[in-house]
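The lines below spell out each chain.
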Amino acid sequence: MERTFVMLKPDAVQRGLMGQIVARLEAKGFRPVAMKFMRIPRELAERHYGEHKGKGFFPGLISYMTSGPVLVMVWEGDNIISVMRGMMGKTNPVEAAPGTIRGDFAQQTGRNIIHGSDSPESAKREIELFFNDYELLSYEACNKVWMFEQAQTPS
Ligand code: IDP
Ligand code: MG
């Protein structure tokens with residue numbers, strides 16, 4: 001089972017969209033592994049978005065990401081990294097399809113409400129950046145036989 005790092009950005013929190021977005025992931029059958037409501041220190045925001053350092057939008061991105069609390073999460077599911085990117089929609093909400101999170105709830109790239117890891121390497125790096133091992137919880141999901149063909153059906 002694959003894991004990904006998801007962050008509801010400060011605008012999602014301020015606009016009261018956390019519940020609706022979490023509800024979409026739950027309804028899909030993805031399983032929460034960790035969640036933390038926090039204010040990101042500037043240094044952590046700069047490390048998280050290190051690949052964009054030097055780009056014109058970087059200073060604005062860092063002030064956006066540190067402007068208020070965010071909800072950082074780890075979720076687990078079948079091929080969740082790419083499926084989650086699809087559920088989020090394109091980076092620019094103008095191009096994000098209706099039915100996606102950015103397509104339904106956002107209008108501009110600089111206020112696109114959600115982050116999700118784009119590869120297994122990014123997921124590992126981002127999970128380690130925001131969470132300690134003991135914050136990642138393992139537990140039995142009661143619905144797994146109804147979600148996964150490989151899990152044994154009760155007889
Ligand atoms: P992603 O979030 O879909 O992976 P990236 O290209 O990795 O997209 O960019 C990271 C974040 O930086 C975006 O989600 C967005 O918040 C911000 N960003 C990217 N490009 C721009 C831009 O041209 N203007 C303003 N913000 C941008
Ligand atoms: Mg990215």
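Before reading on, note that the structure itself is shown above.
Note that the structure is predicted; figures quoted are calculated from it, not measured.

A short note on helix α2 (residues 18–28)
Here α2 has its buried residues at I21, V22 and L25. One side of α2 carries all its buried residues, which in axial view fall inside an arc of 95°. In α2, the exposed residues that point more than 90 degrees away from the buried face are G19 and A27. Backbone geometry just downstream of α2 places G29 in the positive-phi region, at approximately 100°.

A word on the layout of surface pockets
The volume enclosed by the largest pocket comes to roughly 450 Å³. Put simply, the parts of the chain that give the lining of the largest pocket at least two residues each are α4 (58–65), α5 (80–88), β4 (114–116) and α7 (120–130). Grouping the amino acids of the lining of the largest pocket by side-chain chemistry returns six nonpolar, nine polar and seven charged. Each pocket or cavity is described by its volume, and for the second largest pocket that value is around 260 Å³. Surrounding the second largest pocket, 16 residues form its lining, G29, F30, R31, A141 and N143 being those nearest its centre. Class assignment of the residues belonging to the lining of the second largest pocket gives a composition of eight nonpolar, three polar and five charged.

Side note on the environment of A34
With respect to the secondary-structure elements, A34 resides in strand β2 (residues 31–38). Taking the C-alpha atoms as reference points, A34 and F5, separated by 29 residues in sequence, lie 9.4 Å from one another. Excluding residues that lie within four positions of it along the chain, A34 makes contacts with V72, M73, V74, F131, E135 and L136.

Details of the site of ligand 1
Around ligand 1, the neighbouring residues are K9, Y49, H52, F57, L61, R85, T91, R102, T109, G110 and N112. In this structure, an oxygen atom belonging to ligand 1 sits 3.0 Å away from a side-chain N or O atom of K9. Out of a free accessible area of 530 Å², ligand 1 has 75% covered by protein chains. In this structure, ligand 1 is accommodated by the largest pocket. Class assignment of the residues belonging to the shell around ligand 1 gives a composition of three nonpolar, five polar and three charged.

Considerations on the packing of aromatic side chains
Under the counting rule described, the total for this entry stands at one aromatic pair. Taken together, a centroid distance of 4.7 Å and an interplanar angle of 20° make the contact between F5 and F130 stacked. In this pair, F5 is assigned in strand β1 (residues 2–8) and F130 in helix α7, connecting sequence segments 125 residues apart. Positioned above the aromatic ring of Y139 is the side chain of R31, whose terminal nitrogen or guanidinium carbon lies 4.9 Å from the ring centre.

With respect to the pattern of salt bridges
Throughout the structure, instances matching the rule amount to seven salt bridges. A salt bridge links E46 to R42; its shortest N-O distance comes to 3.6 Å. Note that E46 and R42 are positioned in helix α3 (residues 42–48) at a spacing of four residues, about one turn of the helix. A relative accessible area of 24% places E46 in the partly exposed class. On the accessibility criterion, R42 (47% relative accessible area) is partly exposed. Across the pair K144 and E140 runs a salt bridge whose closest N-O atoms are separated by 2.7 Å. Bridged by salt links that share partners, the residues R3, R31 and E76 form one connected network.

The rules behind the values
Residues numbered from 1 in each chain as written. Chains lettered and ligands numbered in written order. Predicted model: local features only at pLDDT ≥ 70, side-chain atom pairs only at ≥ 80, totals over all residues. Heavy atoms only, no water. Buried < 20%, exposed > 50% of the residue type's maximum accessible area, 1.4 Å probe, protein only. Helix = DSSP H or I, 4+ residues; strand = E, 2+ residues; numbered from the N terminus. Arc of directions from axis to C-beta. 1 Å grid on protein atoms, 1.4 Å probe; cavity = no way out; pocket = protein on both sides within 12 Å on 5 of 7 lines; lining within 4 Å. Points joined across faces, edges and corners; volume = space filled by probe spheres on them. Nonpolar A, V, L, I, M, F, W, Y, C, P; charged D, E, K, R; others polar. Contact = heavy atoms within 4.5 Å. Near = heavy atom within 4 Å. Polar contact = N/O pair within 3.5 Å; in protein donor to acceptor, adjacent residues only side chain to side chain. Areas by Shrake-Rupley, 256 points an atom, 1.4 Å probe, with all protein chains shown as cover. Sits in = over half its atoms within 2 Å of the grid points. Phe/Tyr/Trp six-rings, centres within 6.5 Å; stacked < 30°, edge-to-face > 60°. Lys NZ or Arg CZ within 6 Å of the ring centre and 35° of its normal. Salt bridge = Lys/Arg side-chain N within 4 Å of Asp/Glu carboxyl O.

As far as function goes, none of this settles anything; it's purely spatial.
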